[in-house]
Amino acid sequence: MTQTIAPRVRTLVLLILAVAGALLAGAAPVSAHAALTGSDPAQGAVVDTAPSQVSLTFSEPIAVGDDSVRVLDPKGERVDKGDPANPSGTTYSVRLVSGLPDGTYTVAYQVVSADSHPVAGAFTFSIGAPSETTVSVSAQGSDDGLVGWLYGFGRYVSYAGFVVLAGGAAFILACWAPGARVRAVQRLVVSGWLALTAATLGLLMLRGSYTTSGKVGDVFDLELLGDVLQTKTGAALVSRLLLLAAAALFIAVLFGAYARTADAVEPDRDAEDDGGDDDGGPDKQDLTVGLALGGTVVAAGLAASWAMSEHASQGLQAGVAMPVDVVHLLAVAAWLGGLTALLVALYRAPVETPVGRDAVRRFSRLAFGSVVTLAVTGVYQSWRQLGSWSAFTDTRYGQLLLVKIALVAVMVAVAFLSRRWTQRLADARVSEAAEEAERTEATERAEEAVRAEEAVRAKEAVRAEATERAEEGVRAKEAVRVKATERAKEAVRAEATKRAEEEKQLAGTAPAEASGASEVSEASMAVEPPKASGASDAFDAEKAEAGRDSVRAAQLARQRAAAEAARQKRLRDADPNRFGLRRSVLAEAGVAVVLLAVTTVLTQTEPGRTEQDARAATAASSSASATGQGSGAVSLTMPFDTGGKSGKGVVSIDLDPAQAGDNALHVYVEGPDGTPVDVPEVKIALTLAAQNIGPLPVAPDHVTTGHWSASRVQIPMAGDWKVEVTVRTSDIDQVTVSKNAQIG
């Protein structure tokens with residue numbers, strides 16, 4: 001059954017990676033989060049006289065450099081001078097050279113929004129009359145090329161590394177303590193640390209080119225790297241690296257002292273009742289609590305490195321949004337990272353340390369709490385980033401958020417199936433536990449009896465063989481000795497007989513016979529061999545054979561242990577409940593990979609609230625001219641005189657589209673010489689006397705010198721409306737002027 005799983009796993013992983021890559025590839029063109037909401041001169045405006053400066057207004061604060069804003073004449077030559085300035089709020093201006101001739105001019109800007117994303121764009125305005133221009137306004141942004149793609153991929157890897165690192169460690173501490181000594185789980189957590197560290201270093205190197213030229217050659221520019229280190233994003237990346245050093249120490253303790261403690265506490269513990277409980281004495285409890293607290297602090301710090309430099313750090317309620325974002329990221333890591341660790345444990349845990357039902361139940365509770373946390377924090381973040389129900393369908397951010405919500409719903413549904421498989425696994429274990437224990441005990445006893453009998457037979461065979469060999473050696477040596485003795489005796493007798501005959505001839509028969517008998521006896525004693533060597537050889541042979549027998553017995557024991565482990569693994573894999581749990585967890589992990597890719601794209605996408613505001617402001621700004629006269633659906637010009645010093649001038653009102661409902665209102669104040677001037681206060685009031693409606697107050701926001709604007713000005717119905725403008729030029733000098741305008 002496991003052989004059929006592997007191809008499916010590989011196919012699913014490849015499919016998931018393809019989907020994730022496609023999502024990341026489509027993310028780069030929409031990475032800007034600050035939006036241009038207005039300009040002076042406006043986009044496409046035709047002005048009578050050359051302006052002294054160009055002002056750009058964005059939806060949030062931005063970071064500008066020496067070449068962030070460029071103004072090019074029809075020939076493509078720069079006509080701006082000096083560095084961009086920030087006169088007020090989110091308005092940035094650059095001065096122009098004097099005496100500009102008539103023609104079409106191009107304004108190109110490339111800045112960095114407060115949430116760390118580059119913003120690039122261009123528009124044109126004309127002096128006198130439009131003309132041909134050699135400048136293209138559709139230039140590629142720094143985040144659209146290879147560097148932008150690599151930066152987006154690095155962001156995905158960093159998120160994935162954080163999820164695996166924090167979630168895997170949480171799974172070990174909260175759900176499955178024996179996992180600290182499982183090599184596959186150790187490699188997973190260490191891989192998360194390595195991925196996050198490598199991605200952070202890569203982002204730090206890519207950051208300079210990503211926010212400026214977008215060229216690969218600038219990646220290793222040390223001057224750009226120095227500039228990056230002075231930015232908020234650079235500081236966040238460096239802080240992340242320092243926290244990763246602390247995380248390395250945490251990992252060393254987790255897989256060192258903690259793993260040894262877990263191994264010592266639970267060596268004989270049933271695998272189905274494993275991990276998670278701090279019942280190993282005060283030392284184990286203190287170590288677990290210390291790791292839990294330290295790991296939480298490090299993980300929260302890593303999550304804060306994103307929250308303090310991206311979406312949460314700008315916009316509404318930033319002080320609340322950043323802690324909420326940290327909690328959101330931690331919940332994501334606990335759920336998705338823990339799920340990844342569970343998947344690895346189900347497929348790669350050794351037979352002697354399988355992940356049991358109790359560990360799965362603990363993770364199920366952890367995942368449920370994480371999902372609840374994600375729901376609460378996600379609702380708040382959605383409201384903050386969208387602002388209206390229409391933004392769900394009208395903006396790219398809202399559409400991606402709907403996809404993310406759908407993926408989360410799918411994961412929750414699959415998780416419900418996983419819980420059912422876990423319960424079935426538990427029920428099956430309870431019913432089969434006694435029977436399995438009896439079978440195991442009987443098998444072990446039978447195997448022990450067989451092993452004992454085989455050992456006895458082997459030893460008896462060895463002894464019998466050694467004895468037989470020793471006896472054969474003794475018999476052979478005895479035969480040789482007897483034969484040699486007989487030959488020696490015969491030779492002695494022959495020699496003695498010969499001598500006796502010779503001596504008989506000389507001295508007589510009796511002495512010769514005595515001498516011959518004595519010599520025969522001495523010869524017999526001389527040729528007789530020792531009798532102890534055969535027994536010694538037999539003992540040595542028996543000892544050598546016994547050594548070879550012990551080696552064969554050890555090899556046989558190892559083979560039987562390996563066969564038993566393989567048998568247990570086959571039985572475990574053949575369990576339909578465990579197999580079902582594996583498949584459901586694998587499906588969850590697959591959806592999680594795609595969900596993480598969508599989340600990464602979301603962090604690179606302009607929030608829906610900003611996108612809608614930018615659309616409205618751009619529509620209003622595109623219809624306004626630099627002087628503010630005659631550019632709206634209704635344009636009113638009213639001279640004023642407050643009576644004080646510098647109290648004379650002209651105020652112009654543009655109302656677009658001058659229909660019932662939402663309208664964009666622009667106010668321009670000029671001095672007697674026609675130059676824009678600032679005054680302490682400008683207030684607007686609208687009155688429809690025929691229907692006794694009003695006055696309806698309007699408080700416009702200051703945009704740039706002599707320019708105020710207000711969006712979404714509500715005019716309830718059509719009619720002849722009176723537009724009153726109150727201009728205050730000092731603490732005590734003010735005047736109200738008015739004109740009627742036909743609305744609708």
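Computed from a predicted structure; not experimentally measured. Going along each chain's sequence as written, the residues are numbered from 1 onward. With pLDDT at 70 or above as the cut-off, local features in this predicted model cover only qualifying residues; side-chain atom pairs require 80 or more to be listed or tallied, and sums for whole chains, interfaces and linings still use all residues. The side-chain quantities take in all heavy atoms of the structure and omit both hydrogens and water.

### Some thoughts on the overall build of the protein chain
Quick reminder of the rule: Strands are runs of DSSP state E lasting at least two residues, helices are runs of H or I lasting at least four, and both sets are numbered from the N terminus onward. In short, Shrake-Rupley with a 1.4 Å probe defines the accessible areas, and a residue's cover is counted only from the protein chains shown.
Helices and strands together make up the secondary structure of the protein chain, namely 14 helices and 18 strands. Carbon and sulfur atoms form 58% of the exposed surface of the protein chain, whose accessible area is close to 36,700 Å².

### A closer look at a nonpolar patch on the surface
Using the following cut-off: Only residues above 30% relative accessible area that lack a salt bridge enter a patch, with like-charged residues linked at up to 9 Å and the nonpolar side chains Val, Leu, Ile, Met, Phe, Trp and Tyr linked at up to 5 Å. Between Lys or Arg on one side and Asp or Glu on the other, a salt bridge is scored when a side-chain nitrogen of the former is within 4 Å of a carboxyl oxygen of the latter. For each residue, the accessible area found with a 1.4 Å probe, counting protein chains only, is set against the maximum for its type, and the residue is called buried under 20%, exposed over 50%, and partly exposed in between.
Side chains of Leu146, Trp149, Leu150, Phe153 and Val216 sit close together on the surface and give an oily, nonpolar patch of about 440 Å² of accessible area. Mapping Phe153 onto the fold places it in helix H2 (residues 146-174). By relative accessible area, which is 39% here, Phe153 ends up partly exposed.

### Thoughts on the sheet that holds strand E17 (residues 719-728)
The following threshold applies: Here the rule is simple: two strands pair whenever DSSP picks up at least two bridges between them. Orientation is described by axes fitted as lines to C-alpha atoms, over the contacting stretch for helices, and by angles from 0 to 180 degrees between their N-to-C directions.
On the basis of which strands lie adjacent, the open sheet formed by four strands has the order E14-E13-E17-E18 and antiparallel pairing. Two strands bound the open sheet, and with one partner strand each, they are strand E14 (693-698) and strand E18 (734-743). Pairs of neighbouring strands in the sheet enclose a mean axial angle of 20 degrees, with direction left out of account. Strand direction decides the pairing type here: strand E13 (residues 681-688) and E14, joined by four bridges, are antiparallel. Bridge pairing links Leu686 to Leu696 in E14.

### Details of the packing of aromatic side chains
The cut-off we apply is this: Pairing of aromatic rings covers Phe, Tyr and Trp, the last counted by its six-membered ring, and requires centre-to-centre distances within 6.5 Å; plane angles under 30 degrees mean stacked, over 60 mean edge-to-face, and any other angle means tilted.
Tallying each qualifying case throughout the model produces 11 aromatic pairs. Aromatic side chains Phe58 and Tyr109 sit 5.6 Å apart centroid to centroid with 75 degrees between the ring planes, which places their arrangement in the edge-to-face category. Of the two residues, Phe58 sits in strand E3 (residues 53-58) while Tyr109 sits in strand E8 (residues 103-113), which places them 51 residues apart along the sequence. Taken individually, Phe58 and Tyr109 each receive the classification buried, so the pair is uniform in this respect. An aromatic cluster is present here, built from Phe58, Tyr92 and Tyr109 joined pairwise through their rings.

### Quick notes on the packing of helix H3 (residues 183-211) against helix H7 (residues 318-348)
Rules: The scheme is simple: roughly parallel for angles under 35 degrees, roughly antiparallel for over 145, roughly perpendicular for 65 to 115, oblique for anything else. Helix crossings get a hand from a simple test, with the near helix turned counterclockwise from the far one by less than a right angle marking a left-handed crossing and a clockwise turn marking a right-handed one. Note on definitions: a residue-residue contact is assigned when non-hydrogen atoms from the two residues lie within 4.5 Å. Think of it as three bins: nonpolar holds Ala, Val, Leu, Ile, Met, Phe, Trp, Tyr, Cys and Pro, charged holds Asp, Glu, Lys and Arg, and polar takes everything else, Gly as well.
The contact between H3 and H7 brings their axes to 9 Å, and the two run at 150 degrees. The pairing of H3 with H7 is recorded here as roughly antiparallel in orientation. In the crossing of H3 with H7, the sense of the turn from one axis to the other is right-handed. Contact with H3, carried on its side by Ala184, Val185 and Leu188, involves Thr340, Ala341, Val344 and Arg348 of H7 and no other residues of that element. The residue inventory of the contact of H3 with H7, partitioned by class, reads five nonpolar, one polar and one charged.

### So, the nonpolar core
Selection rule: We call a set of buried Ala, Val, Leu, Ile, Met, Phe, Trp, Tyr and Cys residues a nonpolar core when their side-chain atoms join them within 4.5 Å.
Formed by 70 residues in total, the largest nonpolar core has its most connected members in Phe162, Trp176 and Leu254. Those elements giving two or more residues to this core turn out to be H2, H3, helix H5 (232-265), helix H6 (281-307), H7, helix H8 (357-386), helix H10 (396-506) and helix H13 (576-603). No other element matches H7, which puts 14 residues into this core. Setting aside chain neighbours within four positions, we find Phe162 in contact with Gly167, Leu196, Ala299, Leu302, Ala303, Trp306, Leu329, Leu330 and Ala333.

### Remarks on the confidence of the model for the protein chain
Just so we agree on the cut-off: pLDDT measures how confident the predictor is about each residue, on a scale from 0 to 100.
Mean pLDDT for the protein chain: 76, with 75% of residues reaching 70 or above. In the predicted structure, residues 509-514 sits below a pLDDT of 50 and forms three contacts with residues beyond four places in sequence or in another chain. Low confidence marks residues 522-534, where pLDDT is under 50. Its contacts with residues over four positions away, or in another chain, come to nine contacts.

### Focus on empty space enclosed by the protein
Heads up, the rule is: Space inside and on the surface of the protein is sampled on a 1 Å grid over the protein atoms alone, with a cavity defined as a set of points where a 1.4 Å probe fits but cannot get out and a pocket as an open set with protein on both sides within 12 Å along at least 5 of 7 lines; lining residues have an atom within 4 Å of a point. Grid points are joined across faces, edges and corners, and a volume is the space filled by probe spheres set on the points.
Counted by the stated rule, this structure contains three cavities of 30 Å³ or more. When its volume is computed, the largest cavity comes out at roughly 90 Å³. Lining the largest cavity are 14 residues, and of these Arg155, Thr233, Leu237, Arg240 and Glu310 lie nearest its centre. Elements that contribute at least two residues to the lining of the largest cavity include exactly H2, H3, H5 and H6. Counting residues per element, the lining of the largest cavity draws most heavily on H5, at four residues. Among the residues forming the lining of the largest cavity, the class breakdown is five nonpolar, five polar and four charged.

### Considering H8
Formally: Here the expected span of a helix is defined as 1.5 Å times the quantity of residues minus one.
For H8, with 30 residues, the first-to-last C-alpha span of 42 Å sits near the 44 Å given by 1.5 Å per residue. Positive phi appears at Gly387, one or two residues downstream of H8, with a value of about 85 degrees.

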